[in-house]
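Secondary and tertiary structure notes
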Amino acid sequence: GRLKTGVTKPTMRILTFLLSLTFATLVSAQTTIPATIQSGGLTREYLLYVPAVYTGATAVPLVINMHGYSSNYVEQAFYGDFRPIADTANFLIVHPNGTLDAQGNRFWNTFGGASTVDDVGFIRDLIDSLRTVYNLDPNRIYATGMSNGGFMSYALACELNDRIAAIGSVTGSMIVPDLAACQPARPVPVMEIHGDADPTVPYNGTALGFVAIPTLINAWVGFNDCNPTPTVTPVPNTNLTDGCTAVHYVYSGGDLGSTVEHYKIIGGGHTWPGAAFNIGVTNQDFSASREIWRFFSQYTLDQLTATELSISGVYNWSAFPNPVGDYVVLQASASIPVAEQLLVYDAMGRLLETRKNVSSNTRLETAAWKDGLYVVVITGNGRLERLLLVKKNR
């Protein structure tokens, strides 16, 4: 049968029960939003994490965080956790769900075989959908994942590098045919974190076609035209009881400032360094999530491409009161002409209201709205602005 490239099921069943209690709290606080979109003829699921510091006033990054084989989006949100980082760095995190394979396990279509699921198309559609509602910076969209999710990150680096600025893979790799076919149109910064005692995605590859990690690293060093001789730094062994150590390799000098970084976990298993849940030999000398974000935050898509993406200008609109009660008044500055269109979405991306030719002083009736986040999108004359509204019934 197919190798499982995720967390083992007995452990995850226990974990899912523990997580469900916390997850319910998050949903009630309207910070984690379960939603679906249609993509490739399928209904696809995702969880969106919106930190409290997000207001919609400025464009923020998006981190796509993908689960391992047989895992799911809730488990990945807690296991490969970026939420405390997002709370201060102000970025959104989307946790997409893979589809079910013939054995009933969730997966990303990166292992070859007969599956026709277009997961790259799903991620493209997901980005487009989220950008409609949330003020996301198209130059700062990143992909990461655990195991099969790491494989999927590499698929995006190869096939969606017009959208994804950089990737980070934890315990992932590529299959030999996919690496042979990969022709990125630009340098893609890559971070690979991998244990040399990983029993599921072995560090030295498999006869089934998983690429050995040194081969994978060298390929991306070549794609990015980095210096093939890395800077090698041992990670301070601050935790003497985790059963492993780590070494950090940095391949610098790539085209347009790109790099490849690799954390080799000596004695490490199929695990996420710094995770709060121990499902094997887990390095605790550093946090994979913090290091991946540190790596991502160096790069923007326009820095790594020959042409700069255009970003619409903005109106000068405000909303009062906010949080809203029974109504909200939207006001534009006196110098702004009447807007062509106003759209209201709920946090799941569902369109609730459309208005045409909106005046610069507009009242929305919000008494019937449920508690939660809402997004107002105002467009006209080639400009766009998003306002984030919070509804709290008193």
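Rules behind the numbers
- Residues numbered from 1 in each chain as written.
- Predicted model: local features only at pLDDT ≥ 70, side-chain atom pairs only at ≥ 80, totals over all residues.
- Heavy atoms only, no water.
- Helix = DSSP H or I, 4+ residues; strand = E, 2+ residues; numbered from the N terminus.
- Buried < 20%, exposed > 50% of the residue type's maximum accessible area, 1.4 Å probe, protein only.
- Phe/Tyr/Trp six-rings, centres within 6.5 Å; stacked < 30°, edge-to-face > 60°.
- Lys NZ or Arg CZ within 6 Å of the ring centre and 35° of its normal.
- Pairing = 2+ DSSP bridges.
- Salt bridge = Lys/Arg side-chain N within 4 Å of Asp/Glu carboxyl O.
- Core = buried A, V, L, I, M, F, W, Y, C linked by side-chain atoms within 4.5 Å.
- Contact = heavy atoms within 4.5 Å.
- pLDDT = per-residue confidence, 0-100.

Description of the environment of Asp178
For Asp178, the location among the structural elements is in helix H6 (residues 176–181). Note on Asp178: relative accessible area 35%, which makes it partly exposed.

Things to note about the packing of aromatic side chains
The tally for this structure, following the rule as stated, stands at 16 aromatic pairs. Measuring from ring centre to ring centre gives 4.8 Å for Tyr142 and Phe296, while their planes differ by 10°; the resulting arrangement is stacked. Highlighted residues: Tyr142 in strand E7 (residues 136–146) and Phe296 in helix H8 (residues 288–296), separated in sequence by 154 residues. Geometrically, the ring pair formed by Tyr263 and Phe286 is stacked, given 4.4 Å between the ring centres and 20° between the ring planes. Of this pair, Tyr263 sits in strand E12 (residues 260–266) while Phe286 is found in the loop between E12 and H8, placing the two residues 23 residues apart along the sequence. Since its relative accessible area comes to 5%, Tyr263 is described here as buried. A residue is classified by how much of its surface remains accessible, and Phe286, at 9% relative accessible area, is buried. Through a chain of ring-to-ring contacts, the aromatic side chains of Phe91, Tyr142, Trp293, Phe295, Phe296 and Tyr299 assemble into a single cluster. The cationic tip of Arg44 hangs over the ring face of Phe122; the distance from NZ or CZ to the ring centre is 4.0 Å. Between the NZ or CZ atom of Arg363 and the centre of the ring of Tyr327, over which it lies, the distance is 4.1 Å.

Observations concerning the pairing of strand E14 (residues 327–332)
Two elements, strand E13 (residues 317–320) and E14, share four bridges in a ladder whose sense is antiparallel. Paired with Trp317 across the strands is Ala332, a residue of E14. If you look at the hairpin formed by E13 and E14, you'll find six residues sitting between the two strands. Note that E14 and strand E17 (residues 361–365) share five bridges and pair antiparallel. When the bridges of E17 are listed, Gln331 appears paired with Asn361.

Considering the pairing of strand E18 (residues 372–380)
In terms of residue burial, E18 counts as a mostly covered element, since nine of its nine residues are buried. Here strand E15 (residues 339–346) runs beside E18; their pairing, made up of six bridges, is antiparallel. If you follow Val344 over to E18, its bridge partner there is Val376. Where E18 meets strand E19 (residues 383–391), nine bridges bridge the pair, whose relative direction is antiparallel. Among the inter-strand pairings, Ile378 is bridged to a residue of E19, identified as Glu385.

Brief notes about the pattern of salt bridges
For the structure shown, the criterion picks out ten salt bridges. A salt bridge links Arg355 to Glu353, with the shortest nitrogen-to-oxygen separation between them at 2.7 Å. For Glu353, a relative accessible area of 24% corresponds to the partly exposed category. One salt bridge connects Glu365 with Arg363, and the closest N-O pair in it is separated by 2.6 Å. Residue classification places Arg363 among the partly exposed positions, given a relative accessible area of 44%. Each of Glu261, Glu291 and Arg294 takes part in a single network of salt bridges with overlapping partners.

Side note on the nonpolar core
One finds Ile64, Tyr134 and Trp220 to be the most contacted residues of the largest nonpolar core, which totals 59 residues. The greatest single-element share of this core, amounting to seven residues, is contributed by helix H4 (residues 119–133). Once residues within four sequence positions are removed from consideration, Tyr134 is found in contact with Ile33, Leu48, Val50, Tyr54, Leu92, Ala347, Val375 and Arg386. Counting residues in each nonpolar core, the second largest holds 31 residues, with Val63, Val170, Trp272 and Phe286 among its members.

Digging into the confidence of the model for the chain
The predicted structure's coordinates, where accompanied by low pLDDT, should not be read in detail. Put simply, the chain has an average pLDDT of 88, and 88% of its residues get 70 or more. The low-confidence segment residues 1–5 (pLDDT under 50) makes 23 contacts with residues lying over four places distant or belonging to another chain.

Thoughts on H8
Buried residues dominate H8, accounting for seven of its nine residues. Restricting attention to buried positions, one finds in H8 the residues Ala288, Ser289, Glu291, Ile292, Trp293, Phe295 and Phe296. Looking at the buried residues of H8, the elements they touch are strand E3 (60–66), helix H3 (83–89), E7, strand E8 (166–170), strand E9 (190–195) and E12.

With respect to unusual backbone geometry
Residue Pro321 follows Phe320 across a cis peptide bond; omega there is -10°. As for its placement among the helices and strands, Pro321 is situated in the loop between E13 and E14. Looking along the chain, the bond that leaves Asn322 and enters Pro323 is cis, with omega of 15°. If you trace the backbone, Pro323 turns up in the loop between E13 and E14. Even without being a glycine, Ser70 presents a positive backbone phi close to 75°. In this structure, Ser70 sits in the loop between E3 and helix H2 (73–79). Phi at Asp225 is positive, roughly 60°, even though this residue is not glycine. Looking at the secondary structure, you find Asp225 in the loop between helix H7 (213–224) and strand E10 (231–234).

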